[in-house]
Amino acid sequence: MEQSDIDEGLYSRQLYVIDHDAMRRMGKADVLIAGMRGLGVEIAKNVILAGVRSVTIQDEGVVEWRDLSSHFYLKETDVGQNRALCSEKQLSSLNVYVRVSASTDKLSEDFLRQFQVVVLTNSPFEEQQCLGTFCHSNNIKFIVADTRGLFGQLFCDFGESFEVRDTNGETPVSAMIAHISKGNPGVVTCSDEESHEFTDGMLVNFSGVQGMSELNSHAPIEIKERDRFSFSICDTSNFSDYVKGGVATEVNQPEILSFKPFSVATKEVLIDPGLVEMTDFGKIERHRSLHLAFKALHQFSEEYGRTPRPRSQADAELLVTITKKICADAEFNELDEDTVRKLSLVASGDLAPVNAFIGGLAAQEVVKACSGKFTPLRQWLYFDALECLSDEEEGTEGVLTEDDCAPRDSRYDGQIAVFGSAFQDKLKNQNYFLVGAGAIGCELLKNFALIGLGAGEGGNITVTDMDSIERSNLNRQFLFRSQDIGRLKSEAAAESAKAMNPYMNITAHQNRVCPETEEVYTYSFYSQLDGVAAALDNVDARVYLDKCCVRNKKPMLEGGTMGSKGHTMVVVPHLTESYGPGISGGEKAIPLCTLKNFPHRIEHTLQWARDQFEGLFKHTAENVNQYLSDPAFVERTVARGDVEAVEILEGVYRSLIQERPQNWTDCVSWARRQWETLYNNHLRQLLHCFPPDQVTSSGLPFWMGAKRCPHPLTFDTSNTTHMDFIVAAANLYGQIYGIEGTRNLVDIQNILQGVKVTEFTPKSTVKIAVTDQEMKEENEERREEDKDKLEMLKDKLSKLQLSDQNFRMHPQEFEKDDDNNFHMDYIIAASNLRAENYDIPTANRHKSKLIAGRIIPAIATTTAAIAGLMCLELYKLIQGHRQIKSYRNAYVNLATQYFVLSQPRASPTFTVAGQQFSLWDDFLVQGRREGQEEMTLKELLKHIKENYNLTISGLYYGPAVLYSNDSNHGDRLKLSISDLIRSVTKSEIPALQQMFEIIPSFVEDEECEKTPPIRYLR
């Protein structure tokens, strides 16, 4: 299926990583991927999802048992058949816009000429060298990717002159201007709202500068940073005097890169370390040794017609000998022989996680080659995960024998070759909990299926996700197809994973993991688990799941992506720190006064528009429905405070009585009046309070820097944005009242002719707060006035006689991806009109959806790489590694080939009464033993004293004080812990709640800030 233009519904998340122009360039690219073992199919999957014009997969070989260890589209019945032909159908179904074809012929120069990018995987060295030379001389982008057990290799050659149009994909830096001096150089002073992010040598454009308007049409200017709030530019001596306003914005400059051909780069890497990209800075020397060892592997295969046998010490010594000879020829004297031996021992292995990581990186290089977006790899990359080998193998390669790792005609042969058959049995018997079946969740399930996690009689994977599949998911959540749209993610993902490995035991849930589901995910549930994998898209959910893992002492694998960036974290009980609340961050909140009256960025107007949407079309309707169905609603609302209560109850009364529409005409009339209020009246009132020439007490202009002086708008039916607002607002207003609307502009314009808009006169009595603090103070001053209003509203509402059924409303739950529901239509129009009020550059639909919809940019390449790294840590957890140096947390940016793989931080400790504890420690108490009555408070105090030699002085359950030795709590000593909690909290305990987390304090150390919790099992 040809693609005339970009399908934004399908590629919506990827378009925030790769812009429209880059996507169009990709849509003209034809890519060849040679070699359809696990690595080749991983690259092909990611490239097809990304959306090139065509992908041709080529392989002359047939399926072997070991291929099933990492090839997710092969079945046991495919053994003996051509790999490319077996892969074609499934790969073709990934993206209807990409033509996929298979070739079983030998690669020839004539065949290669039809492609813009050629990728070789698991290919002989002579073929790499020959085809690399041909591609370089014919301006065909050339990529070599290879994996051998726990090792990976990647090479790129994009020709003599390759243009990178955007080196990093970051949003250009910008800053608001407070002043520009005349001089040589001119000095630009930025608004003191926040420091600028410019650095020396950046090029900037100017816009919106008043007075010194010459800058607005000037070519990009190189800047020099002076301090956090100023930078110098060109000679401004002859420019006009600066008056006010303006924004400086970074200009992305294209970069021309030159690459060495494969044959040259192979030799020069030893004398030019800059040709090797580091994936782990603790292994710099190892990378160069690997370059020679991979070349030696090719020679070994050519000489002996096979790869080194798994765990063969004799073959390992042969490979070392070959590598030494290559070193001598290259005059390289720093060979790491131990690394070469280990490469030999595992080289015949084929691991899904390593293929996922290298395959994600290689596919991203294909995207760069096709689009000119992001900085390509220059030019070699090596990777190893030797830490995955068991702790016992440190320095002693003889723990596993050749028999342990020999082929068994098993779908896991590629993995057994590295870790042995006993470890495979261990993998099969694991019980894991996967939270999230989105992009990372799908990739993890694919890897779990391939490695055989939970695929034995005693094993199981429980996957939970409450979301349903949407069309925008298909671009990166590759377990789903168009026919799955509307299905539950967890069920569809579980089915797809089981199709990859029929032996998998997998259970699908549709629950959110949160306090409300603790009756499902109980202590008993966690006690049966071996570990947890978090594939979540928000920090709060990660923090909660991490808390559950700490409470139940379970390891957690955590990973996340944002565009080309990704991270992984492994949490190991009693060894590493946890994810914890300390890691969680959040976007800086926009001050209320900025949103309400002083916006200066499009982000401000979009947040304001989103708030308008939520208030007008969701919260008010929800409040009305609660008022109609809950007799205690008014009382509960009053308890929230006078200011908030007045706002809520006014909205309820207004929606039920004053502004309730009877028909479509009323909805259009409301939208027109709303337009006048928001974009004319409010601005006129603001300018009445703060005229354009207003000065502060210090004599400076009030409207300067971040405070942009607004201007009211005049409604015009011929203005597209004005009418967009009316259409969306009227339809949404109709929807919450159950009134059918229309998009017919002629009908709407006819109604607008009859709408009377009340003339507005600014009031001198109105006060407008300039800061959030002033707003708080004004709310305090209005307390008496609000109390009177509140009493009046309560009286009015108490007299209403309304039928619940007739007056119920239909709240709108914001959905950004439905282009027919008016939600984004309203937000875009509302935001851009407000931006026009304040002379802020407007945003198109694409950018508006990103910001207002809080979309996380995503691309399949990063997701695959991150899931691969997570599963390498899974190997270590199942091996039972107890040395923290074995584990790796990762941060990667595939746009710039930036990798940081570092050891996790150790779990911090604290001291209580001379005893040392960590966050993993607790006092676990069995409340009932062998059918006995539940433990009383008195017995709990005694238990802690006898077992831990600590005297409890206080017990706290959430905010409730269960016990204090300073209070008269003697009557509580005879109560069971469950009855005590019921009594103090005055609430029932959920029937399935098995554990109470109680925080103690101790007589022996009253001053300690932190103590281990008592985890009480009832």
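Described below are features of the structure shown in this document.

Cut-offs used in this document
- Residues numbered from 1 in each chain as written.
- Predicted model: local features only at pLDDT ≥ 70, side-chain atom pairs only at ≥ 80, totals over all residues.
- Heavy atoms only, no water.
- Patch = residues over 30% accessible without salt bridge, like charges linked within 9 Å, V, L, I, M, F, W, Y side chains within 5 Å.
- Areas by Shrake-Rupley, 256 points an atom, 1.4 Å probe, with all protein chains shown as cover.
- Salt bridge = Lys/Arg side-chain N within 4 Å of Asp/Glu carboxyl O.
- Lys, Arg positive; Asp, Glu negative; His and termini not counted.
- Charge placed at Lys NZ, Arg CZ, Asp CG, Glu CD.
- Helix = DSSP H or I, 4+ residues; strand = E, 2+ residues; numbered from the N terminus.
- 1 Å grid on protein atoms, 1.4 Å probe; cavity = no way out; pocket = protein on both sides within 12 Å on 5 of 7 lines; lining within 4 Å.
- Points joined across faces, edges and corners; volume = space filled by probe spheres on them.
- Nonpolar A, V, L, I, M, F, W, Y, C, P; charged D, E, K, R; others polar.
- Pairing = 2+ DSSP bridges.
- Axes fitted to C-alpha atoms, helices over the stretch in contact; angles between N-to-C directions.
- Buried < 20%, exposed > 50% of the residue type's maximum accessible area, 1.4 Å probe, protein only.
- Core = buried A, V, L, I, M, F, W, Y, C linked by side-chain atoms within 4.5 Å.
- Phe/Tyr/Trp six-rings, centres within 6.5 Å; stacked < 30°, edge-to-face > 60°.
- Contact = heavy atoms within 4.5 Å.
- Parallel < 35°, antiparallel > 145°, perpendicular 65-115°, else oblique.
- Disulfide = S-S within 2.5 Å.

### Overview of a negative patch on the surface
Point 1. A cluster of acidic residues, Asp-200, Glu-222, Glu-225 and Asp-227, forms a negative patch on the protein surface.
Point 2. Secondary-structure assignment places Asp-227 in strand β12 (residues 224-227).

### As for empty space enclosed by the protein
Over the atoms, a rolled probe matching the size of one water molecule traces out where space is still vacant.
Point 1. Within the structure shown, the criterion is met by four cavities of 30 Å³ or more.
Point 2. The space that makes up the largest cavity amounts to roughly 90 Å³.
Point 3. Around the largest cavity, the lining comprises 14 residues; the ones closest to its centre are Leu-869, Glu-873, Lys-876, Arg-888 and Leu-901.
Point 4. Going through the elements one at a time, β17 (380-384) and α32 (860-879) are the ones with two or more residues in the lining of the largest cavity.
Point 5. If one sorts the elements of the lining of the largest cavity by residue count, α32 sits on top with four residues.
Point 6. Within the lining of the largest cavity, the residues separate by chemical class into six nonpolar, one polar and seven charged.

### Some thoughts on the sheet that holds strand β28 (residues 923-926)
Point 1. With mixed pairing, five strands are arranged side by side in an open sheet as β28-β32-β31-β29-β30. Taken across any chain shown, the strands that pair with only one partner, and hence form the sheet edges, are β28 and β30 (960-964). Neighbour to neighbour, the strand axes of the sheet diverge by 25° on average, direction disregarded.
Point 2. Where strand β31 (residues 995-1002) and strand β32 (residues 1014-1017) come together, four bridges link them in antiparallel fashion. For Met-995, the partnering residue across the bridge sits in β32 and is Leu-1017.

### What about the pattern of salt bridges?
Point 1. Scanning the entire structure with this criterion turns up 67 salt bridges.
Point 2. With a shortest N-O distance of 3.9 Å, Lys-942 and Glu-946 are connected by a salt bridge. Here Glu-946 and Lys-942 lie together in helix α33 (residues 937-948), a separation of four residues that amounts to about one turn.
Point 3. Residue classification places Lys-942 among the exposed residues on the basis of a relative accessible area of 51%.

### As for the nonpolar core
Point 1. Counting residues in hydrophobic clusters, the biggest one holds 165 residues, and the most contacted among them are Leu-91, Leu-150, Leu-444, Leu-445 and Phe-448.
Point 2. Residues Phe-598, Trp-608, Val-668 and Tyr-679 belong to the second largest nonpolar core, which totals 74 residues.

### What to know about the packing of aromatic side chains
How two aromatic rings sit relative to each other is given by the distance of their centres and the angle of their planes.
Point 1. Counted according to the given criterion, the structure contains 49 aromatic pairs.
Point 2. Ring geometry for Phe-262 versus Trp-380: centroids 5.6 Å apart, planes at 55°, classification tilted. Linking Phe-262 in helix α7 (residues 262-268) with Trp-380 in strand β17, this pair joins segments that are 118 residues apart in sequence. Residue Phe-262 shares its accessibility class with Trp-380, and that shared class is buried.
Point 3. An aromatic cluster is present here, built from Trp-608, Phe-613, Phe-617, Trp-670, Trp-675, Tyr-679, Phe-715, Phe-725, Tyr-733, Tyr-737, Phe-814 and Tyr-826 joined pairwise through their rings.

### Quick notes on the environment of Phe-910
Point 1. Take Phe-910: it is sitting in strand β26 (residues 909-912).
Point 2. With 661 residues separating them in the primary sequence, Phe-910 and Thr-249 have C-alpha atoms 48 Å apart.
Point 3. Beyond its immediate chain neighbours, meaning those up to four positions away, Phe-910 contacts Gln-915, Gln-916, Phe-917, Ser-918, Leu-919, Lys-1010, Thr-1011 and Pro-1012.

### Examining the packing of helix α21 (residues 602-629) against helix α23 (residues 642-658)
Point 1. Contact geometry of α21 with α23 gives a least axis separation of 9 Å together with a crossing angle of 85°. The angle between α21 and α23 falls in the class roughly perpendicular. Counting all contacts with α21, which are made through Thr-620, Asn-623, Val-624 and Tyr-627, the residues of α23 involved are Ile-648, Gly-651, Val-652, Ser-655 and Leu-656.
Point 2. Residue composition of the contact of α21 with α23, by class: five nonpolar, four polar and no charged.

### Here we look at the state of the cysteines
Point 1. Evaluation of the coordinates by the stated rule reveals zero disulfides.
Point 2. Free of any disulfide, Cys-156 has its nearest neighbouring cysteine sulfur in Cys-370, separated by 12 Å.
Point 3. Distance from the sulfur of Cys-548, which forms no disulfide, to the nearest cysteine sulfur (Cys-549) is 6.9 Å.
Point 4. Given the relative accessible area of 2%, Cys-548 is considered buried.

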